Amino acid sequence: MQPGITDLFGANSTLSGTPKILAIPLTSLPALTGSNPTALEVYAAVVSYAHTWLNANTDASVLATSDVTISSPITRNGVPKTQFQFSERFYGSYAAPIFDPNAV
């Protein structure tokens with residue numbers, strides 16, 4: 001089972017039109033609590049939402065996995081912070097890698 005648009009971007013999200021336009025209502029991302037989120041907050045909410053779906057759907061037919069590593073405290077710009085590092089992996093058809101010396 002592959003994820004649908006709403007699985008990764010929240011309920012009521014759509015991908016439609018020509019050219020394709022992804023529409024994500026802010027209410028689709030429960031992690032967003034402010035009425036005027038920044039672009040980085042929206043991006044983080046999408047990553048978090050998709051991560052939750054991928055972790056709940058670990059069937060081999062899903063061609064992606066997601067892990068999160070939490071480190072705390074770390075120092076960024078001299079200030080202690082908590083770091084959330086997401087690792088996404090996408091799987092495609094297997095093709096044996098071939099080393100080509102002419103491409104070096």
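Going by the structure above, here's the rest.
What counts, and where the lines are drawn
Residues numbered from 1 in each chain as written. Predicted model: local features only at pLDDT ≥ 70, side-chain atom pairs only at ≥ 80, totals over all residues. Heavy atoms only, no water. Helix = DSSP H or I, 4+ residues; strand = E, 2+ residues; numbered from the N terminus. Rg over C-alpha atoms; globule rule 2.2 N^0.38 Å. Buried < 20%, exposed > 50% of the residue type's maximum accessible area, 1.4 Å probe, protein only. Areas by Shrake-Rupley, 256 points an atom, 1.4 Å probe, with all protein chains shown as cover. Lys, Arg positive; Asp, Glu negative; His and termini not counted. Charge placed at Lys NZ, Arg CZ, Asp CG, Glu CD. Pairing = 2+ DSSP bridges. Salt bridge = Lys/Arg side-chain N within 4 Å of Asp/Glu carboxyl O. Polar contact = N/O pair within 3.5 Å; in protein donor to acceptor, adjacent residues only side chain to side chain. Contact = heavy atoms within 4.5 Å.

### Focus: the overall build of the protein
Within the protein, the regular secondary structure consists of two helices and four strands. Relative to the globule expectation of 13 Å for 104 residues, the C-alpha radius of gyration of the protein, 18 Å, shows a markedly less compact shape. Each principal axis of the C-alpha atoms in the protein carries an extent, and together these give about 50 × 45 × 30 Å. Within the protein, the proportion of its 104 residues that are buried is 16%. Carbon and sulfur atoms form 59% of the exposed surface of the protein, whose accessible area is close to 7900 Å². Distance between charge centres in the protein, computed from 4 positive and 6 negative side chains, equals 11 Å.

### Some thoughts on the pairing of strand E4 (residues 79-90)
Of the strand pairs in this sheet, strand E3 (residues 64-76) and E4 are connected by eleven bridges, and their pairing is antiparallel. The residue bridging Ser66 from the neighbouring strand is Glu88, located in E4. Linking E3 back to E4 in an antiparallel pair, the connection comprises two residues, with Asn77 at a positive phi of about 55 degrees.

### Focus: the pattern of salt bridges
The full count for this structure, using the stated rule, is one salt bridge. For Arg89, the salt bridge is made with Asp67, and the minimal N-O distance between the two is 2.5 Å. Separated by 22 residues along the polypeptide, Arg89 in strand E4 and Asp67 in strand E3 bring together distant segments of the chain. Since its relative accessible area comes to 28%, Arg89 is described here as partly exposed. What makes Asp67 partly exposed here is its relative accessible area of 41%.

### Considerations on the side chain of Asn57
Among the structural elements, Asn57 can be located in the loop between helix H2 (39-56) and E3. For Asn57, the side chain forms a polar contact with the main-chain oxygen of Trp53, separated by 2.8 Å. For Asn57, the residues in contact, after removing those within four places along its chain, are Met1 and Val62.

So far we have only geometry, and geometry alone does not tell us how the molecule works.
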